[in-house]
Amino acid sequence: MMTAIPWLALIALLCAGRSAAQYGTSGVLTLSGEGPAETGTSVLRFFKVFENRLGVPARITYRVTTSIAADASIATDAAAQTPSIPSKLQFTITEQPLSSSQRASFIGNAAVVGASVHFPVYVNSYGLFYNVPGNRVTPLNITACLAARILTGDISDWTHPDFLDKNPGFVKTGTDSYKITVLVDAANSGSTLAVLGWLAKACPTVPVTYTSLRADAVAVGSNMISALQSTGYSFGFAMGSVGRAASVSEFAVETSTTGQYLQTGSTNTTNLQAALATAVPSTLSGDYSTTTIVSLAADRVAPILTVGYLVTKSDWSTEGAEEGQRGELVRALCAFFQSSTITSSSGGMLGDAGLLSLGSTLMSSVNTTASSVFVSHPSAVKFTTTDGVAANVVSSTRSSYEVSTYQDLAAQMAAMKKQLDVGAARVMRGVGSSAVSLFMWRVFGEVKARSTTPLHMVYRAAGSGAGQGEVLAKANKYQALVDFGASDTPMPDATFTELTNTAKIPIVHIPILLAPMNFFVNIPEAALPSRQLKMSPCTAAKIMQADITTWAHADIAADNAGATLPDQPITVFYRQLSSGTTAVITEYLNRACAGTWRLGSGGLLSNWPPTFKPTANAANMSTSVFNTPWSIGYMDASNGLDLNLIEVAVRNKDGNYVTSQTGDVPAAASALFKSDAWPKSPLLSFASVSCLNQPGANTFPIVAMPFMFVRTDLTSRGDSGALLVAYLTFMLDTFAQNTIAKALGFEPLPTEVRQYTTERALPLLQVDTRSKAWVFESGSTLSAGRGSTDNVISGFGGSYENLNAQGFADFYKAYNLAQNRAQASKAASGGNSSSGSGGGGNYTAVLSGIPPDLIDQLDSLQNQVDILKAVAITAVVFGILGLSLAIFTSCRMFVHMSLWGAAGAVGGPGSNSLVHPASISIMGSNGGVRRQKSISNFSVGEGSMNSEKSV
């Protein structure tokens, strides 16, 4: 009975203080509501907080539909109510006021439900969004009439003169088509109704209805944001805060002030709230069907706005005590929507939801009206917001664990996400040409050292074929696993067509650098002291297909003003495996000497003459020529020059003989860029693009322009896509081109080619808009210390390894040259009396380009090696001598013992064995040979030996 007393007291208190009907039929006071999906999640959170502030058990159920559906539901419910049939739907949230016919449902049943009530609770802002490559940084401008013409199809291209008139800075990326793809939501969605309502007022001269939209408009429903992110050249509309959160490019829309353009997040809330006080009626029970707040006559206020209303009935007195108590709960909910918890400009829940507050002026008027509009049931207990412990207090200090910890958990989750985001490495993967691998790896290292965010960048130097094949990814149903591929040559037409036409996957070619290639020879200096050799393209072609097999051939002499070389056979080296270098050289011969060259072109030839010698890779090619006198091979110019091989001066298209050192390498790319062979759009095939045999008096004719292949749609690659764009930007900039490329023996791209790629190709790359953009810090630091934030590539960053990379490279080069010199000397000593290019004289010339301190270090190390070799040889000699003495001594002992016997050495007088007198001390008890030798200068007598101390 002791435990029953408190319960009885509580029941008595409840009966005395309020109606038991407050609990509803299930013991919990229940409200049922309905509202639009645009704000559904936010409103549900508002309700949860409200429920926890009540002193009585209450529950709000809420159907998430549309404003139109909610209006229809509450109008139907109002018409069906009678004194004995209470409401099934107590309120709705809507951004579309009731129509006149829906309001009539209340008026026709006024004796039961009274009038309809529109209680304003928030302002929502909608925006226009786009995805136009190259125009993400600076917002595009748009007017209501331009938007109307785009939606109806009158303007179908982003380059329409009327659109460009409002956007003189529009970035054209060189694509063949700027066709606008219009994306639309459902007809009854909040965004559709808001935009159409705005157009009706702001541009009445271009009527727009949902049925008059472009026939090819794409209905994406609630997937508007993801559709915008993945669809290039698209136009759409959505709730402003949702688009901004997803970082989708938003139009600056013209406001009611002509020429003033604004995005949704830039609204001046003070001006907005002042305008709302006159634009929104505070009568609550009047006709709101014509009320609109689009294009408010206010400075710096976004034009596409809607008011969110709580719609309910005014009379709660006619349908019983329980219905009456629900009415009080609805009134308390209205008051909660206007509390500081919801409306505060700092930390208010409206702001968290991307919504705007009505302002104190309008809210004050509405609250004054509310007290007279709502009709309460006589027995209903009113709620109050005055803080306290009473059951009817909606207390700001009441809460629950889930509500009170929500903000903390949300903050912790945001911090954890941030920490994971900052700590997680951004990953980028590429594959392709081995010729550019050193450049790729070196630039990777520089970008990683300068990045404020961890990076993991991988480039597999698997060859140009892999660079093309893995971007095509045919075996994987065209789903590439790499972010880019690289090749010494453009993608062939067949592969390009399959990828772009069959798989419908557009790509762009990104030029990397210029790689001069040439023929290099090893002719002994005695035979060619000038180290200069000229060849016409056809002479080279004849050598490379064994039509010319001796250095004394007349064609070689003719190219060199009659100078004849010795009649030595030519040793020709070629690349055995698929090689971009082979593709470039054979294509050059095919272009420059088409009538003579008959082996064809490509990265892998199977018809090389059988007398030719194969090499595995670029390094093997250069060292093979270096170590083989009277040989010739083809290679990257940097490889041949590193070994001081003799570079052939080839005759260019204008008839002049040039090498990669005396000729103009970038001029080849410049001439190509100015010709009709350069594609008009980055999206076209580059299969016929070649720097080979370009015109110009001093143009070097054998120049490769390696390319990266990048799919334009990078949205599925997440952060990797944004990182790839940043990498390409850095790779095409001055430091990578003029410093890194040249240090590795390459040449930079001409300015016009880099500009074309940066301004026309890179803007075509569409990245996931949720990925944070990369920022470059150079020249001066970013403001407010932003150089230390995430996703910054800072010119002030770096690493010790990168800073000393050239020094390491020089030392490594000198070391390799020393090894090659040793190999060449060994080859010469094996029977070749003629010194090759690897001999000492050429070695000294090779070292001329290396810093003196490194040469000194190398020479010092070589001296130490020579000393160690001498010591080792001496040790071996002494070891052999010692071994010989030991063998001699052992043999001598054996002979002596055999002749004289061993007994005399250990036995007494009378022994029959004969012992040689000189051997007595050896076998005696006083030690071995070394000891006996040390005392032999003193005495050989027994007493003397016994008296000797140990040494």
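Residues numbered from 1 in each chain as written. Predicted model: local features only at pLDDT ≥ 70, side-chain atom pairs only at ≥ 80, totals over all residues. Heavy atoms only, no water.

- The name given to the chain in an unreviewed UniProt entry is PBP domain-containing protein, with Chlamydomonas schloesseri as the source organism.
- Listed in UniProt under the heading Sequence similarities (unreviewed entry), the comment for the chain reads: "Belongs to the PstS family." (UniProt positions renumbered as here; feature names shortened; annotations may be inferred.)

### Considering the overall build of the chain
Part 1 of the reasoning: Counting secondary structure elements, the chain contains 36 helices and 29 strands.
Part 2 of the reasoning: By the burial criterion, 48% of the 951 residues in the chain qualify as buried.
Part 3 of the reasoning: Restricting the contact set of the chain to residue pairs at least 6 apart, pairs at least 24 apart contribute 75%.
Part 4 of the reasoning: Carbon together with sulfur atoms contributes 57% to the accessible area of the chain, which is approximately 42,200 Å² in total. (Helix = DSSP H or I, 4+ residues; strand = E, 2+ residues; numbered from the N terminus. Buried < 20%, exposed > 50% of the residue type's maximum accessible area, 1.4 Å probe, protein only. Contact = heavy atoms within 4.5 Å. Areas by Shrake-Rupley, 256 points an atom, 1.4 Å probe, with all protein chains shown as cover.)

### Description of the side chain of Arg103
Part 1 of the reasoning: Along the chain, the position of Arg103 falls in helix α4 (residues 100–107).
Part 2 of the reasoning: Although Arg103 is buried, it makes no salt bridge; Asp287 carries the closest opposite charge, 4.7 Å away.
Part 3 of the reasoning: Among the polar contacts made by the side chain of Arg103, one reaches the main-chain carbonyl oxygen of Gly286 at a distance of 3.4 Å.
Part 4 of the reasoning: Among all residues touching Arg103, those that are not within four sequence positions of it are Leu98, Ser116, Ser285, Gly286 and Asp287. (Lys, Arg positive; Asp, Glu negative; His and termini not counted. Salt bridge = Lys/Arg side-chain N within 4 Å of Asp/Glu carboxyl O. Polar contact = N/O pair within 3.5 Å; in protein donor to acceptor, adjacent residues only side chain to side chain.)

### Considering the sheet that holds strand β5 (residues 141–142)
Part 1 of the reasoning: Strand order in the open sheet formed by three strands is β5-β10-β11, and the pairing between neighbours is mixed. The sheet terminates laterally at β5 and β11 (261–262), the two strands that pair on one side only.
Part 2 of the reasoning: Relative to β11, strand β10 (residues 252–254) runs antiparallel, the two sharing two bridges. Its bridge partner lying in β11, Val253 is registered against Leu262. (Pairing = 2+ DSSP bridges.)

### Some words on helix α22 (residues 580–592)
Part 1 of the reasoning: Look at α22: 18 Å from first C-alpha to last across 13 residues, which is about the 18 Å you get at 1.5 Å a residue.
Part 2 of the reasoning: Residues of α22 that are buried include every one of Gly580, Thr581, Thr582, Ala583, Val584, Ile585, Thr586, Tyr588 and Leu589, and no others.
Part 3 of the reasoning: Residue Ser579 occupies the N-cap position of α22, its side-chain oxygen lying 3.0 Å from the main-chain nitrogen of Thr581. (Expected span 1.5 Å × (residues − 1).)

### Focus: the nonpolar core
In summary, soluble globular proteins display a tendency toward joint burial of nonpolar side chains.
Part 1 of the reasoning: Core analysis: the largest hydrophobic core is formed by 218 residues, its most contacted members being Leu128, Trp158, Phe519, Trp551, Met708 and Tyr727.
Part 2 of the reasoning: Filtering out sequence-adjacent residues up to four positions away, Trp158 remains in contact with Tyr130, Val132, Phe163, Leu164, Phe170, Tyr178, Lys179, Ile180, Tyr233, Ser234, Phe235 and Phe251.
Part 3 of the reasoning: Within the second largest apolar cluster, 10 residues are counted, among which are Phe129, Leu183, Ala227 and Ala238. (Core = buried A, V, L, I, M, F, W, Y, C linked by side-chain atoms within 4.5 Å.)

### Things to note about the confidence of the model for the chain
Part 1 of the reasoning: When pLDDT is averaged along the chain, the result is 85; 84% of the residues meet or exceed 70.
Part 2 of the reasoning: Contacts of residues 1–26 to residues separated by more than four positions or lying in other chains number 24 contacts, the stretch itself having pLDDT below 50. (pLDDT = per-residue confidence, 0-100.)

### Description of the pairing of strand β21 (residues 631–636)
Part 1 of the reasoning: For β21, a buried count of six out of six residues is recorded, marking the element as mostly surrounded by other parts of the structure.
Part 2 of the reasoning: Here six bridges tie strand β17 (residues 515–522) to β21, and the two strands are oriented antiparallel to one another. Residue pairing for β21: Val521 is matched across the bridge by Ile632.
Part 3 of the reasoning: Two strands pair when backbone bridges link them, and strand β19 (residues 571–575) and β21 are joined in this way by two bridges, in the parallel orientation. Bridged to Thr571 within β21 is Ser631.

### A look at the packing of helix α3 (residues 67–80) against α4
Part 1 of the reasoning: Contact geometry for α3 and α4: axes closest at 7 Å, N-to-C directions at 25°. The angle between the axes of α3 and α4 places the two elements in the roughly parallel class. Relative to α4, α3 is oriented so that their crossing is left-handed. Across the interface between the two elements, Asp71, Ala72, Ile74, Ala75, Ala78 and Ala79 of α3 pack against Gln102, Ser105 and Phe106 of α4.
Part 2 of the reasoning: Looking at the contact of α3 with α4 residue by residue, the classes come out as six nonpolar, two polar and one charged. (Axes fitted to C-alpha atoms, helices over the stretch in contact; angles between N-to-C directions. Parallel < 35°, antiparallel > 145°, perpendicular 65-115°, else oblique. Left-handed = near helix turned anticlockwise from the far one by under 90°. Nonpolar A, V, L, I, M, F, W, Y, C, P; charged D, E, K, R; others polar.)

### A short note on the sheet that holds strand β15 (residues 484–487)
Sheets are built from strands that pair by backbone hydrogen bonding, the pairs being arranged parallel or antiparallel.
Part 1 of the reasoning: Pairing is mixed across the open sheet formed by five strands, whose spatial order is β14-β13-β15-β25-β16. Strand pairing shows two members of the sheet lacking a second neighbour, β14 (455–460) and β16 (507–511), which therefore form its edges. Across this sheet, the average inter-strand angle for adjacent strands is 25°, counted without regard to direction.
Part 2 of the reasoning: Direction of pairing for strand β13 (residues 426–432) relative to β15: parallel, over a ladder of three bridges. Within the sheet, the bridge partner assigned to Gly432 lies in β15 and is Ala486.
Part 3 of the reasoning: Along the sheet face, helix α18 (residues 464–472) touches β13, β14, β15 and β25 (707–711) and points at about 150° away from the line of β15.

### Looking at the pairing of strand β1 (residues 29–36)
Part 1 of the reasoning: The buried count for β1 comes to seven of eight residues, which makes it a mostly enclosed element.
Part 2 of the reasoning: Where β1 meets strand β2 (residues 58–65), eight bridges bridge the pair, whose relative direction is parallel. When the sheet's bridge partners are listed, Gly35 is paired in β2 with Val64.

### Points about the packing of helix α2 (residues 40–53) against helix α12 (residues 321–337)
Part 1 of the reasoning: Relative to each other, α2 and α12 sit at 115°, their axes nearing to 11 Å. The chirality of how α2 crosses α12 is right-handed. The residues of α12 that touch α2, namely those facing Phe46, Phe47, Val49, Phe50 and Arg53, are Leu329, Ala332, Leu333, Phe336 and Phe337.

### With respect to a nonpolar patch on the surface
Part 1 of the reasoning: Nonpolar side chains collect at one region of the surface, where Ile873, Val877, Phe878 and Leu881 lie side by side and expose about 420 Å² of accessible area between them.
Part 2 of the reasoning: Mapped onto the elements of the fold, Phe878 is located in helix α32 (residues 852–900).
Part 3 of the reasoning: A relative accessible area of 57% means that Phe878 is categorised as exposed. (Patch = residues over 30% accessible without salt bridge, like charges linked within 9 Å, V, L, I, M, F, W, Y side chains within 5 Å.)

### Structural notes on helix α25 (residues 666–674)
Part 1 of the reasoning: Along α25, the positions that sit buried rather than exposed are Ala667, Ala668, Ala669, Ser670, Ala671 and Leu672.
Part 2 of the reasoning: Against the buried residues of α25 lie β24 (703–704) and α28 (751–761).

### Brief notes about unusual backbone geometry
For residues that are not glycine, phi is negative in most cases, and the peptide bond is trans in most cases.
Part 1 of the reasoning: Not every positive phi belongs to a glycine, and Arg300 is a case in point at roughly 55°.
Part 2 of the reasoning: You will see that Ala473, though not glycine, has its phi angle at about 55°, which is positive.

### Quick word on the side chain of Ser116
Part 1 of the reasoning: When you line up the elements, Ser116 lands in strand β4 (residues 116–131).
Part 2 of the reasoning: Residue classification places Ser116 among the buried positions, given a relative accessible area of 2%.
Part 3 of the reasoning: Not counting chain neighbours up to four residues away, the residues in contact with Ser116 comprise Leu98, Arg103, Phe106, Leu284, Ser285 and Thr312.

### Thoughts on the UniProt feature "transmembrane region" (unreviewed entry) in the chain
Part 1 of the reasoning: Per the UniProt record, the feature "transmembrane region" (unreviewed entry) sits at residues 867–888.
Part 2 of the reasoning: End-to-end, the C-alpha atoms of residues 867–888 are 32 Å apart, and along that stretch the chain is 100% helix and 0% strand.

### Points about the pattern of salt bridges
Part 1 of the reasoning: Across all of its chains, the model carries 22 salt bridges by this definition.
Part 2 of the reasoning: The residue Glu51 makes a salt bridge to Lys48 at a minimum N-O spacing of 3.6 Å. With Glu51 and Lys48 both in helix α2, this residue pair falls three residues apart, about one helical turn.
Part 3 of the reasoning: The exposure class assigned to Lys48 is partly exposed, which follows from its relative accessible area of 39%.

### Notes on the state of the cysteines
Part 1 of the reasoning: Under the counting rule described, the total for this entry stands at two disulfides.
Part 2 of the reasoning: The partner cysteine of Cys145 in its disulfide is Cys203, sulfur to sulfur 2.0 Å. Its S-S torsion of approximately 105° makes the covalent link between Cys145 and Cys203 right-handed. On the criterion of sequence distance, the pair formed by Cys145 in helix α6 (residues 144–152) and Cys203 in the loop between α8 (190–202) and β7 (218–219) is long-range, its members being 58 residues apart.
Part 3 of the reasoning: Each sulfur of the disulfide joining Cys538 and Cys593 lies 1.9 Å from the other. Between Cys538 and Cys593 the sulfur-sulfur dihedral comes to about 110°; the bridge is accordingly right-handed. You can see Cys538 sitting in helix α20 (residues 537–544) and its partner Cys593 sitting in the loop between α22 and β20 (613–615), a full 55 residues away along the chain.
Part 4 of the reasoning: Classification of Cys538 as partly exposed rests on a relative accessible area of 26%.
Part 5 of the reasoning: Judged by relative accessible area, which is 3%, Cys593 ranks as buried.
Part 6 of the reasoning: Each bonded cysteine of the chain gets a number by its place in the sequence, and the pairs then read 1-2, 3-4. (Disulfide = S-S within 2.5 Å.)

### Side note on the packing of aromatic side chains
Part 1 of the reasoning: This structure, assessed with the given rule, holds 26 aromatic pairs.
Part 2 of the reasoning: Here Phe170 and Tyr178 contribute two aromatic rings whose centre-to-centre distance is 6.2 Å and whose plane-to-plane angle is 65°, an arrangement assigned as edge-to-face. Side by side, Phe170 and Tyr178 carry an identical accessibility label, which is buried.
Part 3 of the reasoning: Arranged with centres 5.8 Å apart and planes meeting at 55°, the rings of Phe235 and Phe251 form a pair that is tilted. Taken together, the positions of Phe235 in strand β8 (residues 234–239) and Phe251 in the loop between β9 (249–250) and β10 put the pair 16 residues apart, joining distant regions of the chain.
Part 4 of the reasoning: Residue classification places Phe251 among the buried positions, given a relative accessible area of 1%. (Phe/Tyr/Trp six-rings, centres within 6.5 Å; stacked < 30°, edge-to-face > 60°.)

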